[in-house]
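# Overview (structure and organization)
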Amino acid sequence: MLVLIFQIGQYAYGLEARIIAEVVPPTVYKELPCSPEYIKGIFNYRGTITPVVDLSILATATPCKPLMSTRVIVLDLADLDPTEKRGEKFLGMIAENITETVKILDSDFESSGLEIPDAPWLGRVARVAGGMLQLVKPDKLLSDELRTVLFTKEEIERVNR
């Protein structure tokens, strides 16, 4: 599988490239008053108002650094939720050190042996040159709290049916 590599803090994480709509440079976000700290704001992604989550704040309570390699990973919500229509809603995730994709065999990933209730989005782990790479399960990134912030009550009820 092709995996996009990024960092949260000092550790490497990855997303399967097949679920990524696009990787774009950071932009100016409209902040949303009274939203959780990890919600960076919203921006116009190809004509669609798109929320942006700071993965570093979500994981470590420390914001992403404004590096040259800091980017927004845009996901089509249809890849996270089968009830969504493709191309209608997106989620941006800002992360650091997005510089490469690598091919890693699916069989090279194994369970970490841990399930962390506050981080259900942490996936399988692969040994790579220089350390370990942990996959992020973006469908698990959308916690009930995050869904409440990002979507209307009607949209949440439709998903939970």
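I will try to describe carefully the structure that is included in this document.

What counts as what
Residues numbered from 1 in each chain as written. Predicted model: local features only at pLDDT ≥ 70, side-chain atom pairs only at ≥ 80, totals over all residues. Heavy atoms only, no water. 1 Å grid on protein atoms, 1.4 Å probe; cavity = no way out; pocket = protein on both sides within 12 Å on 5 of 7 lines; lining within 4 Å. Points joined across faces, edges and corners; volume = space filled by probe spheres on them. Helix = DSSP H or I, 4+ residues; strand = E, 2+ residues; numbered from the N terminus. Buried < 20%, exposed > 50% of the residue type's maximum accessible area, 1.4 Å probe, protein only. Pairing = 2+ DSSP bridges. Contact = heavy atoms within 4.5 Å. Salt bridge = Lys/Arg side-chain N within 4 Å of Asp/Glu carboxyl O. Core = buried A, V, L, I, M, F, W, Y, C linked by side-chain atoms within 4.5 Å.

### Concerning the layout of surface pockets
Reported here for the largest pocket is a volume of approximately 440 Å³. Looking at the largest pocket, it is lined by 20 residues, and the ones nearest its centre are Ser112, Leu122, Gly123, Val125 and Gln134. Of all the elements in the fold, those that place two or more residues in the lining of the largest pocket are β2 (11-16), β9 (122-128) and β10 (131-136). Among the elements that line the lining of the largest pocket, the one with the most residues is β9, at four residues.

### Observations concerning the pairing of strand β5 (residues 48-54)
For β5, the tally of buried residues reaches six of seven residues, placing the bulk of the element in the interior. Here strand β4 (residues 39-45) pairs with β5 via six bridges, running antiparallel. Directly across from glycine 41, in β5, lies its bridge partner valine 52. Joining the antiparallel neighbours β4 and β5 is a turn of two residues, in which arginine 46 adopts a positive phi near 50°.

### Description of the side chain of serine 69
Counting through the fold element by element, serine 69 comes out in the loop between α1 (55-60) and β6 (71-76). Leaving out residues up to four positions away in the same chain, serine 69 has contacts with Ala95, Glu96, Asn97, Ile98 and Thr99.

### Thoughts on the pattern of salt bridges
Taken as a whole, this structure holds six salt bridges when the rule is applied. The closest approach of N and O atoms between aspartate 79 and arginine 86, which form a salt bridge, is 2.7 Å. Glutamate 110 is paired through a salt bridge with arginine 127; the nearest N and O atoms lie 2.8 Å apart. Of the two residues, glutamate 110 sits in strand β8 (residues 109-110) while arginine 127 sits in strand β9, which places them 17 residues apart along the sequence.

### Remarks on the nonpolar core
Ranked by internal contacts, the top residues of the largest apolar core, which has 24 residues, are Phe6, Leu15, Leu55, Ile73, Leu75 and Met93. Contributing elements (two or more residues each) for this core: β1 (2-8), β2, α1, β6 and β7 (90-103). The dominant element in this core, judged by the number of residues it contributes, is β7, at four residues.

### A short note on the environment of leucine 91
Mapping leucine 91 onto the fold places it in strand β7. According to the relative accessible area criterion, leucine 91 is buried, its value standing at 1%. Taking C-alpha positions, leucine 91 is 5.7 Å from valine 74, a pair spaced 17 residues apart along the chain.

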